[in-house]
Amino acid sequence: MTASRQVDYEIIEIYDLFNPGNPELGLLPGRKPSKLTRLVVMDHTVDEIFGERIRNYFSVNRLFVEYLTLPGGDENKTLDQVLRIARRLSEIGTHRVGTPPIAIGGGVLQDVVGMASSLYRRGIPYVRVPTTLLAQIDGSVSAKNGVNYEGFRNRLGTFAPPPRTLIDRSLIATLPERQIQSGLGEALKMALIKDPVLFELLEEHGPQLVADRLQDSDNGNDAGPGREVMHRAISGMAEELQKNLWETDLRRIVDYGHTFSPVIEMQALPALLHGEVVAMDCVLSAVLALHRGMLTPAQFERIVNTTRGMGLAPSHPMFADPSVLRRALADTMRHRDNQQHLTLLQGIGRTIFVNDLTDTELDCAAQVMTELLETDESGVLSLQGGC
Ligand SMILES: NC(=O)c1ccc[n+]([C@@H]2O[C@H](COP(=O)([O-])OP(=O)(O)OC[C@H]3O[C@@H](n4cnc5c(N)ncnc54)[C@H](O)[C@@H]3O)[C@@H](O)[C@H]2O)c1
Ligand SMILES: [Zn+2]
């Protein structure tokens, strides 16, 4: 027997989502009107900043909703939070299809609401409203959710693409600078693997993107670098996922920056943010490509300078420790069916997969990562790490 299922996604880039005159937030997938009670889940910070506007929106539009507020932050990406959501879904009598919950928050909140929705009644639809840069350009398009478990990232999770995602770039204007920088770590990944134009935008406008929080100071009607970066990152991700939504092919270029980082991120939690560790993994993988002659020293230096220009550190002591890198690769290989399937750059914007990375290559790369810890923009790197 074979069966197939079509997945319909609405990913809508929109402005002024919480304006009561804008119908989008209240609509069901397929833009149908909502008549029954739905759960709105927010993270604490979102509730503090936007809670009043959100409550006003549903009240003015006479839509029936109940609220649940949960803490953000990766240390709260737990099964307990999933069960809290399931309990509220049950209490308010959530239906199988007609009353999809709405998740308004960062990537952590999106992941726990997505997972609760995928488990409740064996799966109900839900609506995503991502409110961090990282969640808007990366998680927003993804079919995945999950929680951290037994010290491992996303060890429990499901595939459950939401039928409706609403992306309002103005919502990230309230993010702390560090969260914008972390989100740009995922944009850097996308730029390096497939979009040289995106890379040039990050290279040229990095500090401004952070300072303006991608707002382009223009009420959303522009074609400035903020809008362009967001649009290119989202469409690049969507293009990649559409080809391999259920990850039946374990070779994924969007896993660039996500080979060594998962173990390191969990070990460093909560000191480093997701996008910060992803950016360091991008740089480490660029060192590996450099040593194989697939990147020129000039290209490598552009990558490091662009990373720094966005306020992201290219290295960390854990990325300079070969034993940590080996352990991280070994764990990721279990996730890739015991293959490395390591994405390496062949120039900026092109990739190949390799399965023959050696411990010696990792040792040499770790030495360059040590040098990167010690040098700033003016410092001269040996680039060979003495190898
Ligand atoms: N499912 C996927 O495919 C996917 C993809 C990428 C990332 N993720 C996950 O996303 C998580 C990281 O997401 P994140 O970086 O959004 O972290 P997060 O959800 O913890 O949000 C970061 C912080 O920003 C606060 N916040 C949220 N919106 C805000 C706003 N508009 N203004 C001010 N503060 C706001 C949150 O309360 C939190 O304190 C990781 O767990 C990662 O695994 C999942
Ligand atoms: Zn990521």
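Scope of this entry: the structure provided in the associated data block. In this text, all values refer to a predicted model and were calculated from it rather than measured experimentally.

Considerations on the pattern of salt bridges
Argument step 1. A complete count under the given rule lists 29 salt bridges for this structure.
Argument step 2. In this structure, the salt-bridge partner of Glu240 is Lys243, at a minimum N-O distance of 3.1 Å. Residue Glu240 and its partner Lys243 are both found in helix α7 (residues 225–243); the two are separated by 3 residues, about one turn of the helix.
Argument step 3. When the shortest N-O distance is used, the salt bridge between Arg334 and Asp331 registers 3.5 Å. Within this pair, Arg334 and its partner Asp331 are both found in helix α11 (residues 322–335), separated by 3 residues, close to a single helical turn.
Argument step 4. Its relative accessible area of 59% is what places Arg334 among the exposed residues.
Argument step 5. Note on Asp331: relative accessible area 10%, which makes it buried.
Argument step 6. When salt bridges that share partners are traced, they join Glu10, Glu24, Arg31 and Arg164 into one network.

A closer look at unusual backbone geometry
Argument step 1. Cis geometry is found at the peptide bond from Leu269 to Pro270, where omega equals 0°.
Argument step 2. You can see Pro270 is positioned in the loop between α8 (261–268) and α9 (274–291).
Argument step 3. Phi at Glu247 takes a positive value of approximately 55°, unusual for a residue other than glycine.
Argument step 4. Note on placement: Glu247 falls in the loop between α7 and α8.
Argument step 5. Of the residues examined, Glu247 reaches a relative accessible area of 14% and is grouped as buried.
Argument step 6. Backbone geometry places Asn338, a non-glycine residue, at a positive phi of 65°.
Argument step 7. When you line up the elements, Asn338 lands in the loop between α11 and β9 (342–345).
Argument step 8. Owing to a relative accessible area of 56%, Asn338 belongs among the exposed residues under this scheme.

Looking at the packing of aromatic side chains
Argument step 1. Applying the stated criterion across every chain, the model contains 3 aromatic pairs.
Argument step 2. Geometrically, the ring pair formed by Tyr57 and Phe58 is edge-to-face, given 5.3 Å between the ring centres and 80° between the ring planes.
Argument step 3. Overall, Phe58 belongs to the buried group, its relative accessible area being 2%.
Argument step 4. With centroids separated by 6.2 Å and ring planes inclined at 65°, the aromatic side chains of Phe159 and Trp246 adopt a geometry described as edge-to-face. Highlighted residues: Phe159 in the loop between β7 (152–156) and β8 (164–168) and Trp246 in the loop between α7 and α8, separated in sequence by 87 residues.
Argument step 5. The ring of Tyr67 carries Arg55 above its face, with NZ or CZ at 4.6 Å from the centroid.
Argument step 6. Lying over the aromatic face of Phe152, Arg155 brings its terminal NZ or CZ to 4.3 Å of the ring centre.

Side note on the nonpolar core
Argument step 1. Grouped together as the largest cluster of nonpolar side chains are 78 residues, with contacts concentrated most on Leu184, Leu202, Phe260 and Phe300.
Argument step 2. It is α9 that provides the largest number of residues to this core, a total of 12 residues.
Argument step 3. Here this core spans two domains, and each of domain 1 (10–174) and domain 2 (177–374) adds at least three residues to it.
Argument step 4. In this structure, Leu184 is in contact with Leu133, Leu202, Leu209, Val210, Leu214, Val229, Met310 and Leu312, ignoring residues within four places of it in sequence.
Argument step 5. Listed in part, the 19 residues of the second largest apolar core include Ile14, Leu17, Ile54 and Leu63.

A closer look at the coordination of the zinc ion (ligand 2)
Argument step 1. With distances of 1.9 to 2.1 Å, the protein atoms coordinating the zinc ion (ligand 2) are Glu186 (OE), His258 (NE2) and His274 (NE2).
Argument step 2. Each donor residue of the zinc ion (ligand 2) lies on the same chain, and together they follow the pattern E-x71-H-x15-H. Taken as a pair, Glu186 in helix α5 (residues 177–194) and His258 in the loop between α7 and α8 lie far apart in primary sequence, 72 residues in all.
Argument step 3. The class for Glu186 is buried, based on a relative accessible area of 2%.
Argument step 4. Taking the relative accessible area as the measure of exposure, His258 reaches 15% and is therefore buried.

Let's talk about helix α3 (residues 107–119)
Argument step 1. In a regular helix each residue adds 1.5 Å, so 13 residues correspond to 18 Å; α3 covers 18 Å between its end C-alpha atoms and thus fits that length.
Argument step 2. Along α3, 11 of the 13 residues are buried, which leaves the element largely enclosed by surrounding structure.
Argument step 3. Within α3, the full set of buried residues consists of Val108, Leu109, Gln110, Asp111, Val112, Val113, Gly114, Met115, Ala116, Ser117 and Ser118.
Argument step 4. Two residues or fewer past α3, Arg121 is found with a positive phi of approximately 50°.

Overview of the pairing of strand β4 (residues 102–105)
Argument step 1. Going residue by residue along β4, you find Ile102 and Ile104 tucked away on one face and Ala103 and Gly105 tucked away on the opposite face as well.
Argument step 2. Here 3 bridges tie strand β2 (residues 38–43) to β4, and the two strands are oriented parallel to one another. By the bridge assignment for β4, Val40 is matched with Ile102.
Argument step 3. Pairing between β4 and strand β5 (residues 127–130): 4 bridges, direction parallel. Residue pairing for β5: Ala103 is matched across the bridge by Arg128.
Argument step 4. On the question of chirality, the crossover connecting β4 to the parallel β5 by way of α3 is right-handed.

Rules used in this analysis
Residues numbered from 1 in each chain as written. Chains lettered and ligands numbered in written order. Predicted model: local features only at pLDDT ≥ 70, side-chain atom pairs only at ≥ 80, totals over all residues. Heavy atoms only, no water. Salt bridge = Lys/Arg side-chain N within 4 Å of Asp/Glu carboxyl O. Helix = DSSP H or I, 4+ residues; strand = E, 2+ residues; numbered from the N terminus. Buried < 20%, exposed > 50% of the residue type's maximum accessible area, 1.4 Å probe, protein only. Phe/Tyr/Trp six-rings, centres within 6.5 Å; stacked < 30°, edge-to-face > 60°. Lys NZ or Arg CZ within 6 Å of the ring centre and 35° of its normal. Core = buried A, V, L, I, M, F, W, Y, C linked by side-chain atoms within 4.5 Å. Domains from an automatic or database assignment. Contact = heavy atoms within 4.5 Å. Donors = N, O, S within 2.8 Å, 3.2 Å for Na, K, Ca; no water. Expected span 1.5 Å × (residues − 1). Pairing = 2+ DSSP bridges. Right-handed = clockwise from strand over helix to strand, strands pointing away.

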